[in-house]
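Residue-level listing of the chains:
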Amino acid sequence: MNVMILTSSPNIDGLTAACGNAAKAGAEETGAKVVMVNLNQQRIGSCHACGNGWGTCRNEHECQVKDDFQSLHASMADMDAFVLITPVYWGEMSESAKSFTDRLRRCEALKKEKTFFEEKPVIAVAAAGGSGNGITSCLTSMERLLTHVKAERFDFIGVTQKNRRYKLETIHDAAKEMVLKRKDK
């Protein structure tokens, strides 16, 4: 069982990183192989809306903007489950998460064949380090993404500094349960 955990914060010791570590520990307890990716450490630019608004993403399901997106996108085909964790900035995913997921959506959503996410569980985590405002709108945006790429929406978790302790336990347990349920299929 292969699980990819995507985090998207420049702060490698902050709340988002702690959420990623909790998910990793939970998935690994089941024997899953975990691949951790920090999108801020990747060179992934924003969508260019190539050509008339669509480039190769629409029909070939590959982005023609050359950077680290291609190899990361291709590696997702071998995954059985995903955890997407983002800090909440202005009620949205972080810029690195938006850049990656905008391009991912364009490459995956219009596939006639099975997407890399279809029938695969995903946990979405919005980590608001400050006031906690914006969690709901961020998770709503993540839900739209998961709907477009035809993912199985396993759980949506909002985390703040105030609820950090028990939400990290929740993330750990959710990742563990996601893997166990997937293995049972």
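Here we summarise the structure given alongside this text. Bear in mind that the values here come from a model prediction, so they are computed numbers and not experimental data. (Residues numbered from 1 in each chain as written. Predicted model: local features only at pLDDT ≥ 70, side-chain atom pairs only at ≥ 80, totals over all residues. Heavy atoms only, no water.)

The subject of this paragraph is the pairing of strand E1 (residues 2–7). The buried count for E1 comes to five of six residues, which makes it a mostly enclosed element. For E1 and strand E2 (residues 33–38), the ladder comprises six bridges, and the chain directions are parallel. The residue bridging Leu 6 from the neighbouring strand is Val 37, located in E2. As for the winding sense of the linkage, the β-α-β connection from E1 through helix H1 (residues 15–28) to E2 is right-handed. Pairing analysis gives five bridges linking E1 to strand E3 (residues 81–87), with the strands arranged parallel. If you follow Met 4 over to E3, its bridge partner there is Phe 82. (Buried < 20%, exposed > 50% of the residue type's maximum accessible area, 1.4 Å probe, protein only. Helix = DSSP H or I, 4+ residues; strand = E, 2+ residues; numbered from the N terminus. Pairing = 2+ DSSP bridges. Right-handed = clockwise from strand over helix to strand, strands pointing away.)

Now for the environment of Thr 160. With respect to the helices and strands, the residue Thr 160 is situated in strand E5 (residues 152–160). Thr 160 has contacts with Leu 15, Ala 128, Gly 132 and Ile 135, leaving out every residue within four places of it along the chain. There is a polar contact of 3.2 Å between the side chain of Thr 160 and the backbone nitrogen of Lys 162. (Contact = heavy atoms within 4.5 Å. Polar contact = N/O pair within 3.5 Å; in protein donor to acceptor, adjacent residues only side chain to side chain.)

On to the pattern of salt bridges. Within this structure, the stated rule accounts for eight salt bridges. One salt bridge in this structure joins Glu 29 and Lys 176, with 3.1 Å as the shortest N-O distance. Taken together, the residues span a long stretch of sequence, with Glu 29 in the loop between H1 and E2 and Lys 176 in helix H6 (residues 164–184) at a distance of 147 residues. A relative accessible area of 29% places Lys 176 in the partly exposed class. (Salt bridge = Lys/Arg side-chain N within 4 Å of Asp/Glu carboxyl O.)

Attention shifts here to H6. Here H6 spans 30 Å end to end across 21 residues, near enough to the 30 Å set by a 1.5 Å rise per residue. Within H6, the full set of buried residues consists of Lys 167, Leu 168, Ile 171, His 172, Ala 174, Ala 175, Met 178 and Val 179. For H6, the buried positions fall inside an angular range of 160° around the axis, keeping them on one side. H6 presents Arg 165 and Asp 184 as exposed residues on the side facing more than 90 degrees away from its buried surface. Taken together, the buried residues of H6 touch E1, H1, E3, strand E4 (121–128) and E5. (Expected span 1.5 Å × (residues − 1). Arc of directions from axis to C-beta.)

At a minimum axis distance of 7 Å, the contact between H1 and H6 shows a crossing angle of 40°. Crossing geometry of H1 relative to H6 is assigned as right-handed. Along the contact surface, H1 presents Leu 15, Ala 18, Cys 19, Ala 22, Ala 23, Ala 25, Gly 26 and Ala 27, while H6 presents Arg 164, Leu 168, Ile 171, His 172, Ala 175, Lys 176 and Val 179. Taken together, the residues that form the contact of H1 with H6 break down as eleven nonpolar, two polar and two charged. (Axes fitted to C-alpha atoms, helices over the stretch in contact; angles between N-to-C directions. Left-handed = near helix turned anticlockwise from the far one by under 90°. Nonpolar A, V, L, I, M, F, W, Y, C, P; charged D, E, K, R; others polar.)

Attention now moves to the environment of Val 3. For Val 3, the location among the structural elements is in strand E1. By relative accessible area, Val 3 is classed as buried at 1%. For the pair Val 3 and Lys 66, spaced 63 residues apart in sequence, the C-alpha to C-alpha distance is 25 Å. Excluding residues within four positions of it along the chain, Val 3 makes contact with Ala 27, Ala 32, Lys 33, Val 34, Val 35, Met 79, Ala 81, Val 83, Met 178 and Val 179.

Time to look at the packing of aromatic side chains. According to the stated counting rule, one finds two aromatic pairs in the structure shown. Arranged with centres 5.6 Å apart and planes meeting at 55°, the rings of Phe 69 and Phe 100 form a pair that is tilted. Of this pair, Phe 69 sits in helix H3 (residues 69–75) while Phe 100 sits in helix H4 (residues 95–108), and the two are 31 residues apart along the sequence. Phe 100 carries the same exposure label as Phe 69, and that label is buried. Aromatic pair Phe 82 and Phe 117: ring centres 4.6 Å apart, planes at 40°, arrangement tilted. (Phe/Tyr/Trp six-rings, centres within 6.5 Å; stacked < 30°, edge-to-face > 60°.)

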